[in-house]
Amino acid sequence: MTAPYAFKLALQSLRKDKWINLLSMLTIFAGLFIISLSYLVFYNVEAATRNLPEKFSLVVYLEDNLPREKIDDVIASVKTRREVGSVTYISKEEAFRELKATLKNSQYVLEGIDDNPLPDSIEVKLRKEAMGSESVRKLAEAAKKIRGVSEVDYGEKFLSTLHDIKNGMRIVGIILAAILSTGIVFVCYSTVKILFYRRNDEIETFKLLGATKGFIRAPFLIEGAAIGTSGGITSLVALYLLQHLVIFRMAVAVPVFRTLLFPADFFLSLPLIGMFLGISGAAIALGRLKY
Amino acid sequence: MMEPAGPMIHFQNVSKEYENLTALHDITFSVGRGEMVFLTGPSGSGKTTLLKLIYLAELPDHGSITISGWDTTTLREASIPFIRRNIGVVFQDFRLLDNRNVFENVSLALRIRGVGEREVKSRVADALKTVNLRHKADSYPRRLSGGEQQRVVIARAIVAEPTVLLADEPTGNLDPDTAEGVLRTFKDIHAKGTTILVATHNRDLYRNSGKRVLRLDAGSLLGGEVC
Ligand SMILES: Nc1ncnc2c1ncn2[C@@H]1O[C@H](COP(=O)(O)OP(=O)(O)OP(=O)(O)O)[C@@H](O)[C@H]1O
Ligand SMILES: [Mg+2]
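Note that the coordinates shown come from a computational prediction; the quantities given were computed from them, not determined experimentally.

Before going further, it helps to spend a moment on the overall build of chain B. Summing up its helical and strand segments, chain B has 7 helices and 10 strands in all. Compactness check: chain B gives a C-alpha radius of gyration of 17 Å against a globular reference of 17 Å for 227 residues, within 12% of the reference. Within the span of chain B, comprising 227 residues, buried residues form 52% of the whole. A sequence separation of at least 24 residues applies to 68% of the contacts in chain B between residues at least 6 apart. Carbon and sulfur atoms make up 46% of the accessible area of chain B, which totals about 10,100 Å². Where the 29 positive side-chain charges of chain B centre and where its 27 negative ones centre are 6 Å apart.

In C-alpha cells form, the structure reads like this:
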C-alpha cells in the first residue's frame, strides 16, 4: 500500500472521531503525567542526596590515654587510604570544651561531672571522588581495625534509612508506572476497538475490494501512535510548565525548590513512551484480523 | 495468480446452507476464460449467494470451487485479498461509503492496490466517463439517484481492470436506455478479454445476446442454454 494513503486515512479518522481521540489522549496525558511526575520527584531526591555522605565525616574514637606518637600512627595509617581527604585531631579537652559550649544554657546536664568523659578522636573527611555510602562503610570498617582505635561513628543509621526510603520510593514508582502503563495500553486498546467497530462497514468494504490486513491495520496503528505521542508531548509540556511554576513561584518561599532539576531525556522519552504504549494498545486491539 | 489452462470459474457439487436453509444445492458448472455468462432465477433462488462464493465472502459447505485453477477451499487466508483483486464486483447492495464522494469511492479499488495518486486520478476519471458520471465526481452517494449510485458501483468494479467481473443485478435501478448503455460497457470490457458473470432478472439483458444463461431455482441449477 502507499504509505501516504494510510496516513490520510488515519488523519481522516482522527478528525472524524475527534472527541473519542481527544478523550483517550487526555487519559494518556494524565497517566504519563503522574508517572513522570513521580519520576521527577525521585530524580530530584536522588540528585539532592547523591552527595550527602560528603557532608558526613567519620569520627574515629581513640582508646583512652593513648600516647601522642600512637595517635600520630593512627592518623598516618588513616591517611594512607586513598578515599581520605582531610584528617583533624580533636583532643578530649577540646571536645569537652565544645560540648560545654554547645550546652551553655543547660550546663546542669554536666553537673557533677568533673572528669572529662570524652575520648580523644580524629575527624576524617572523604574526598569527593570517593563519596558514597558504600565507601564510607568500608573506610569505617578499616579504621576500626587500626590499633588504638576504640570505635568509629559515621551516621550509618541515617544513610541506611535514606537508602531504604529511596528504595521504597523506587519500588512504589515502578509499581505505579506499571499500573498506569497498563492503563494507558488499555485505553488505547479500547479506543482503537471502538474506532474499529465504528468503521466496521468501511473495513468490510475495503476487504471485499481486496485490501490486505496491512492496509486495514496501518491507519489504526498510526492513529494509536498519534494518540500516544500527543499524550506524551502534552504531559511533557505540562510537567515542564509545572517545574517552572514551582521554581519561580515557590522558590521564594521554599528555597529548596530553586534547585529543582528537569531530566533532559524527558524531552525524547516521554513522546516515545507515549507512542510505544499507543501502538501496543492498537496492536492488541487489532489482534488477528479475520477474513 | 492466473494459470493458463482450465476454466476461469468452476463449481463442483457445491452446496451452501444458511442455518436451516439450503441456499444452493449441488451446483456444478464452469465459466470459461474470457466468457460472458448470465445467471438468472427468481428472487431468493441463490444468485447473490453463488457470487459471494466466488469472491470469497462465503465458503461452501460442500463441494469445491476453483478460480483460475485455485481451490478456494484450501486457500491460505493471506492470499484472499490477492484473489479478490482479480475480481471486480458490482454489489447488489452497492456498498458505497457515505462519507466519501464519488471520486474517492471509485478510487478505493485502486488505493488498496497501492496505485499512485496521479494514476488514480486519470483512471478514476476514465471509469466515471465510461458510466457517464464525470460531472458527479464530487457528489456524495446519498445525494445521488439510485441509478447514479449503481453506476458508481459499476465504475468502482471496472476501474482496476479485473480479470473477472461479477455483476449482481447491475441494472436493477436503471431505465432501459441506461441499462442498455451498461450492457454495452460490459460487452466492451468482455471484448478485451474479461470474464463476466451477470446475475439479473432483466430478460432484456440476455435475450438474443448469444451468451450462455444459467438458471437457478430454489438453489438448484436448471441448466445453461444459450439465448
Ligand atoms: N446471510 C444470510 N443468512 C441467512 N439466510 C440468507 C443469507 N443470505 C441469503 N439468505 C437466504 O438465502 C436465499 C438465497 O438468497 P440470495 O440472496 O442468494 O438470493 P438472490 O437470488 O440473490 O435473490 P434476489 O434476486 O432477491 O437478489 C434466500 O432465501 C435468502 O433469504
Ligand atoms: Mg441477490
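Next comes the rest of the write-up.
Here we come to the packing of aromatic side chains. What the rule picks out here adds up to 15 aromatic pairs over all chains. With 5.9 Å between their ring centres and 50° between their planes, Phe38 of chain B and Tyr206 of chain B make a pair best called tilted. In this pair, Phe38 of chain B is assigned in strand S3 (residues 36-40) and Tyr206 of chain B in helix H7 (residues 203-206), connecting sequence segments 168 residues apart. The class of Phe38 of chain B is buried, set by a relative accessible area of 1%. Tyr206 of chain B sits in the buried class, given a relative accessible area of 4%. Three or more aromatic residues link up through ring pairs in this structure, and these residues are Tyr39, Tyr43, Tyr240, Phe262, Phe266 and Phe267 of chain A. In this structure, Arg68 of chain A is placed above the aromatic ring of Tyr89 of chain A, and the distance from its NZ or CZ to the ring centre is 4.7 Å.

All names here are of chain A. Pairing is antiparallel across the open sheet formed by 4 strands, whose spatial order is S2-S3-S1-S4. The sheet terminates laterally at strand S2 (84-90) and strand S4 (149-153), the two strands that pair on one side only. Ignoring which end each strand starts from, the neighbouring axes of this sheet average 20° apart. Alignment of strand S1 (residues 58-62) against S4, held across 4 bridges, turns out to be antiparallel. Note that in S4 the partner of Leu62 across the bridge is Val149. Running over the sheet, helix H4 (residues 68-79) touches S1, S2, strand S3 (121-126) and S4 and is turned about 165° from S2.

Right, let's get into the coordination of the magnesium ion (ligand 2). Residue and element names in this part refer to chain B. The coordination sphere of the magnesium ion (ligand 2), as far as protein atoms go, consists of Thr48 (OG1) and Gln92 (OE1), spread over 1.8 to 2.1 Å. Residue Thr48 is found in helix H1 (residues 47-54), and its partner Gln92 is found in the loop between strand S6 (87-90) and helix H3 (102-111); the two are separated by 44 residues along the sequence. We classify Gln92 as partly exposed; its relative accessible area is 40%.

Positive phi outside glycine occurs at Asn65 of chain A, with the angle close to 55°. Mapping Asn65 of chain A onto the fold places it in the loop between S1 and H4. Backbone geometry at Ala218 of chain B places phi at a positive 50°, although glycine is not the residue there. Note on placement: Ala218 of chain B falls in the loop between strand S9 (212-217) and strand S10 (220-226).

Throughout the structure, instances matching the rule amount to 3 cavities of 30 Å³ or more. The volume enclosed by the largest cavity comes to roughly 90 Å³. If you trace the largest cavity, you find it lined by Leu208 and Leu209 of chain A together with Ile87, Gly88, Val89, Phe91, Ala109, Arg113, Arg156, Ala157 and Ala160 of chain B. The set of elements that each furnish at least two residues to the lining of the largest cavity consists of helix H8 (200-209) of chain A together with S6 and helix H5 (146-158) of chain B. Classifying every residue of the lining of the largest cavity gives 8 nonpolar, 1 polar and 2 charged. When its volume is computed, the second largest cavity comes out at roughly 60 Å³. Together, Leu9, Arg199, Glu202, Ile203, Phe206, Phe215, Ile216, Pro219 and Phe220 of chain A line the second largest cavity. Within the residue set of the lining of the second largest cavity, elements represented by two or more residues are H8 and helix H9 (213-250) of chain A. Per element, the largest residue contribution to the lining of the second largest cavity is 4 residues, and it comes from H9 of chain A. Grouping the constituent residues of the lining of the second largest cavity by class yields 7 nonpolar, no polar and 2 charged.

The next point concerns the site of ligand 1. All names here are of chain B. Lining the immediate surroundings of ligand 1 are 13 residues, of which Ser43, Lys47, Thr48, Thr49 and Gln92 lie closest. Contact between ligand 1 and Thr48: an oxygen atom at 2.6 Å from a side-chain N or O atom of the residue. When the free accessible area of ligand 1 is taken as 630 Å², the share hidden by the protein chains comes to 66%. Those elements that place two or more of their residues in the shell around ligand 1 are strand S2 (21-31) and H1. The class makeup of the residues in the shell around ligand 1 is 4 nonpolar, 8 polar and 1 charged.

Glancing now at the interface of chain A and chain B. Residue-level contacts link 24 residues of chain A with 22 residues of chain B. Buried area between chain A and chain B, both sides added, is near 2,000 Å², and the carbon and sulfur share of it is 59%. Linking chain A with chain B are 3 salt bridges, by the criterion used here. Inspection of the chain A/chain B interface yields 6 residue pairs in polar contact (both at pLDDT 80 or more). Counting residues per element, the ones that place at least two in the side of chain A that touches chain B are helix H1 (3-16), H8 and H9 of chain A. Counting residues per element, the side of chain A that touches chain B draws most heavily on H8 of chain A, at 8 residues. By residue class, the composition of the side of chain A that touches chain B is 10 nonpolar, 5 polar and 9 charged.

About the thresholds
Residue indices begin from 1 for each chain and proceed along its sequence in written order. Ligands are numbered from 1 and chains lettered from A, in the order in which they are written. pLDDT decides what is reported in this predicted model: residues at 70 or higher carry local features, side-chain atom pairs at 80 or more are listed and counted, and totals for whole chains, interfaces and linings draw on all residues regardless. As a rule here, side-chain values cover all heavy atoms of the structure and leave hydrogens and water aside. By definition, any uninterrupted DSSP run of H or I lasting at least four residues is a helix, any uninterrupted run of E lasting at least two residues is a strand, and each is numbered from the N terminus. Only C-alpha atoms enter the radius of gyration, while the globule expectation follows 2.2 Å times N to the 0.38, with N the number of residues. Think of it in three bands: residues with accessible area under 20% of the maximum for their type are buried, residues over 50% are exposed, and the middle band is partly exposed, with areas taken using a 1.4 Å probe on protein chains only. Between two residues, a contact is recorded if the distance between any of their heavy atoms is within 4.5 Å. Per-residue and other accessible areas were derived by the Shrake-Rupley procedure at a 1.4 Å probe size, with only the shown protein chains allowed to occlude residues. Residues counted as positive are Lys and Arg, residues counted as negative are Asp and Glu, and His and the chain ends are not counted. For this purpose, a charge sits on NZ of Lys, CZ of Arg, CG of Asp or CD of Glu. Two rings from Phe, Tyr or Trp (for Trp, the six-membered ring) form a pair when their centres are within 6.5 Å of each other. A pair whose planes differ by under 30 degrees is stacked, one over 60 is edge-to-face, and the rest are tilted. Lysine NZ or arginine CZ positioned within 6 Å of the ring centre and within 35 degrees of the ring normal marks a charge as sitting over the ring. Should DSSP find at least two bridges between two strands, the strands are regarded as paired. Axis definition: a line fitted to C-alpha atoms, over the contacting stretch in the case of helices. Angles run 0 to 180 degrees between N-to-C directions. Donors, by definition, are the N, O and S atoms found within 2.8 Å of a metal, the threshold being 3.2 Å for Na, K and Ca, and water is not counted, so a site can look incomplete. For cavity detection a 1 Å grid was placed over the protein atoms alone, and a set of points counts as a cavity when a 1.4 Å probe fits there but cannot get out; an open set counts as a pocket when protein lies on both sides within 12 Å along at least five of seven lines, with lining residues being those that have an atom within 4 Å of a point. Grid points are joined across faces, edges and corners, and a volume is the space filled by probe spheres set on the points. Think of it as three bins: nonpolar holds Ala, Val, Leu, Ile, Met, Phe, Trp, Tyr, Cys and Pro, charged holds Asp, Glu, Lys and Arg, and polar takes everything else, Gly as well. Near residues are defined by distance, with any heavy atom within 4 Å of the molecule or strand qualifying the residue. Side-chain atoms alone can form a polar contact between residues adjacent in sequence; in general such a contact is a pair of N or O atoms within 3.5 Å, and within protein one must be able to donate a hydrogen while the other accepts it. Throughout, the accessible surface (probe 1.4 Å) given up by two parts as they are put together, summed over both, is called the buried area. The working definition used for a salt bridge is a side-chain nitrogen of Lys or Arg within 4 Å of a carboxyl oxygen of Asp or Glu.

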